[in-house]
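Examining the three-dimensional arrangement
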Amino acid sequence: MFEHGLSVPVLTPQPLPKSPSTVITAEAGLNLSPQMELRVEPLVQPGDRVAQGAPILKDRRRPECVITAPMSGHIAELELGPGRRLTSLIIYREDNGDRHAYDIRAANTEISGAAGASALRTLLQVSGLWMRLRARPFGTVPAPEASPAALFVMAVDTRPLAPDPRVTLGGENEGWLALGLNALGQLCDGPVYFCQDRGPDILPLEKQIRRLRVGPLHPTGLAGFQIHRHFPARLDRSVWEIGAEDVVAIGHLLSTGHLPATRLVGVAGPGLRETLLVRCQPGADLRELCYAHMKPGQQAILSGSVLEGSESRWLGFHDRQVTVIERRQPKSRNHWLETALRRAARAEPIIATAAVEQALGGAFAGMALLRALSVGDDEMASDLGMLSLLEEDMALLDYVTAASPRFSDLLRAALNRIEANI
Amino acid sequence: MIRGIWNRETVALILVASALPVVAAWLWDEGVPGAGRLVFVVVLGGFWQALFTIIRAQPPSAMGAISALAMAMLAPDVGPLQFALGISFGFVFGELVFGGWGRSVLNPAVVAVMFLGFSFPAAAWPSLAIQVGWATIPAAVLLLIFGVMPWRVLAGALIVLIAGGGFSLDLVTSAAAFALVFLVCDPATSASTPAGRWLYGAVFGALIALFTVAWDAAPVQIAVAAALLTSLVGPLLDEMSIAVWRAARRYRHG
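Residues numbered from 1 in each chain as written. Chains lettered and ligands numbered in written order. Predicted model: local features only at pLDDT ≥ 70, side-chain atom pairs only at ≥ 80, totals over all residues. Heavy atoms only, no water.

As for helix 6 (residues 244–256) of chain A
Residues and elements named next belong to chain A. Worth spelling out the cut-off: Secondary structure follows DSSP: runs of H or I at least 4 residues long count as helices, runs of E at least 2 residues long count as strands, and numbering of each begins at the N terminus. Residue count minus one, scaled by 1.5 Å, sets the expected span of a helix. Throughout this description, buried means an accessible area under 20% of the type-specific maximum (1.4 Å probe, protein chains only), exposed means over 50%, and partly exposed covers the range between.
Taking 1.5 Å per residue, 13 residues should reach 18 Å; helix 6 reaches 18 Å between its end C-alpha atoms and fits that length. Among the 13 residues in helix 6, 11 count as buried, and that is most of the element. Among the residues of helix 6, Ala 244, Glu 245, Asp 246, Val 247, Val 248, Ala 249, Ile 250, Gly 251, His 252, Leu 253 and Leu 254 are the ones counted as buried. Just downstream of helix 6 lies Gly 257, where phi reads positive at about 85°.

Structure representation (structure tokens):
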């Protein structure tokens, strides 16, 4: 059969290196997606010294949402805005700090005895790893006592210039990956899907975990399309998703009591002189990562891929890549007639070409879904599989068709309406 | 941060580019009167598009040129006033009142030509030269390469035409070839689901075969009538295939 999806050619000086170098930036911050917005209860004060992995923030109403220190250091800035929303959090690195150790005995006894998962839940929640889970529909952090109908572990990334997750899944991490998968299996009543590329098996899987092989083209490597295809999420059926590296982190925590200090990040894009593959802390300072390697001229540093990434100072919570692109100069003002012809009040509709079909990964009723989204027919869109998708799944389509308004925004608006109505 | 190119106007410009060989072949055959008709339709269609741009803030589309070409080629031979009325009806009620190309259900050329055909049944239908039919082949190839043409529609129609035993160059006339490539395979008005597209093409092929056998009419009339009926069943075919897909999904995923 045909391979569904598109390859997005984005220039970069060299292909990503095979082995990463470790970089811990001097500052780190927090860059959460709007769906994860916190009403913060600080657990530390500005000036406090924190150990790597120690909890520093907590959500007031959702105690399962905990943010931990990405590295040992001291809190340089912690400011809350209206409604106790976090406005800024900056941590300075201190080199000889220690690592926070979590008590893992209860969770390990529970896993080895296969006796429920309450201690494991608690451990994941206090250590902040619970926030790495994303529940669909809506893309929120799962409720503390919830249990998913299915769990998707994504060990594949097809975004343009994304690093290959295999790099971080070999060696000692393989054991931690197996341990983490085993722990997640306790958490999930339904099937666990392990999505990987077409290469050799990343690790031998136990019987209850199903292996899905995903082609090399975007967007098939996004969790949304795998969920849409293999186990669609519904309002009464929540499907969770987690990256394979986060599963390694769970395994790491369960065997050592510490949170891993780094994560694999690819730094690439046409604005660089050199492509990098680094292991850096979560929330790393992107300027420090990129500045030494950037081409002269105005560049924009995006956290995330070129399709859905946004300009940011800090590495995004779920992002595993940084893209540096040339900043477009804002164009001088056009003549009003040209503007009227190009950008009328009514946006141009999408034409159902092969590009659109492939940008939706060959999802069957793609065009009908787009029509339902653009007219705001939430019921129809839910029937056609919208509840399995998130904004990032529409990013390729928005890029390919230059759609305005963006389908990512339409999808988020529809999800928000549905969420408000239940 | 970056934007791609596959917006509506890119698709429309590719369609216009692929129509150039057809225009050349048709003008070679028709000469100056044909060119005059084409210019007339383009000007009138442009007028209506401009009016809708100014009044309804609806962006104009280069696809109007394809519709104008199809109207100039396929419309029956009526007086200039009637012709102007017919093409205005086609542009306005076939496309512009729905929001322009991409939001309409029918192709404006099909609407205009059938409107004139029904209104003036005595008018003579044009006949297209054989080289116009040949010229649709490079057009179809170009559209398939760019992924603008829904290949399933083309394949469905060709399979039915071949299987119907009616496939010969006499039967699949230039009119049918042109209607298939530019009216039925219009990506905006054809069915949009894969199964719906196969059926959509098949319906067009079946109607052409049926009309050729059972209806003593001009090839152009047969082709455009088949295109009209096909685009009318298009939404139904989509609805059916989506219903089947949803039922299968409910069965599979509970």
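Thoughts on helix 4 (residues 172–187) of chain A
All names here are of chain A. Counted only if it meets this: In this description, the arc belongs to the directions extending from the helix axis to the C-beta atoms.
Along its 16 residues, helix 4 runs 23 Å from first to last C-alpha, staying within 8% of the 22 Å computed at 1.5 Å per residue. All of the buried residues in helix 4 are Asn 173, Trp 176, Leu 177, Gly 180, Leu 181, Ala 183, Leu 184 and Leu 187. All buried residues of helix 4 lie within an arc of 165° about the axis, which places them on one face of the element.

Here's the deal with empty space enclosed by the protein
Put simply, the rule is: The rule is simple: put a 1 Å grid over the protein atoms alone, call a set of points where a 1.4 Å probe fits but cannot get out a cavity, call an open set with protein on both sides within 12 Å along at least five of seven lines a pocket, and count a residue as lining if it has an atom within 4 Å of a point. Grid points are joined across faces, edges and corners, and a volume is the space filled by probe spheres set on the points.
Following the criterion strictly, the structure yields 2 cavities of 30 Å³ or more and no others. In this model, the largest cavity occupies a volume close to 130 Å³. Around the largest cavity, the lining comprises 14 residues; the ones closest to its centre are Glu 357, Phe 364, Gly 366 and Met 367 of chain A together with Ser 192 of chain B. Going through the elements one at a time, helix 9 (354–359) and helix 10 (366–375) of chain A together with helix 9 (194–214) of chain B are the ones with two or more residues in the lining of the largest cavity.

A short note on the sheet that holds strand 11 (residues 192–196) of chain A
Residues and elements named next belong to chain A. Here is the rule we go by: The rule for pairing is simple: two strands pair if DSSP sees at least two bridges between them. Orientation is described by lines fitted to C-alpha atoms, with helices fitted over the stretch in contact, and by angles between N-to-C directions that extend from 0 to 180 degrees. Throughout, a residue-residue contact means that at least one pair of heavy atoms, one from each residue, lies within 4.5 Å.
Pairing within the open sheet is mixed, and its 5 strands lie in the order 9-13-10-11-12. Because the sheet does not close on itself, it has two edges, and the strands there are strand 9 (134–136) and strand 12 (209–213). Shown here is a sheet whose adjacent strand axes are inclined to one another by a mean of 25°, direction ignored. Taken together, the 5 bridges between strand 10 (residues 150–154) and strand 13 (residues 239–243) define a ladder with parallel strand orientation. In the strand pairing of strand 13, Ala 150 is matched with Val 239. The strands touched by helix 5 (residues 223–230) within the sheet are strand 9, strand 10, strand 11, strand 12 and strand 13, with strand 10 carrying the most contacts at an inclination of about 140°.

A short note on the environment of Thr 140 of chain A
Residues and elements named next belong to chain A. With respect to the helices, strands and loops of the structure, Thr 140 is situated in the loop between strand 9 and strand 10. Residue classification places Thr 140 among the partly exposed positions, given a relative accessible area of 22%. Considering only alpha carbons, one finds Thr 140 and Arg 327, 187 residues apart in sequence, at a separation of 31 Å.

Let's talk about a nonpolar patch on the surface
All names here are of chain B. What counts, and what does not: Within this analysis, patches are made of residues with over 30% relative accessible area and no salt bridge. Like charges are joined at 9 Å or less; nonpolar side chains (Val, Leu, Ile, Met, Phe, Trp, Tyr) at 5 Å or less. For accessible areas, the Shrake-Rupley method is used with a probe of radius 1.4 Å. Any residue's cover is judged against the shown protein chains and nothing else. Each salt bridge in this description consists of a side-chain nitrogen of Lys or Arg and a carboxyl oxygen of Asp or Glu lying within 4 Å of one another.
Side chains of Ile 130, Trp 134, Ile 137, Val 141, Leu 142, Ile 145 and Phe 146 sit close together on the surface and give an oily, nonpolar patch of about 670 Å² of accessible area. Following the sequence through the fold, Val 141 ends up in helix 6 (residues 130–145). When its relative accessible area of 43% is taken as the criterion, Val 141 is described as partly exposed.

Topic: unusual backbone geometry
Residues and elements named next belong to chain A. With an omega dihedral of 5°, the bond running from His 218 to Pro 219 counts as a cis peptide bond. Summarising the element assignment, Pro 219 is placed in the loop between strand 12 and helix 5. With omega at 0°, the peptide bond leading from Ser 404 into Pro 405 counts as cis. Note on placement: Pro 405 falls in the loop between helix 12 (391–401) and helix 13 (407–421). Unlike most non-glycine residues, Phe 138 shows phi in positive territory, near 85°.

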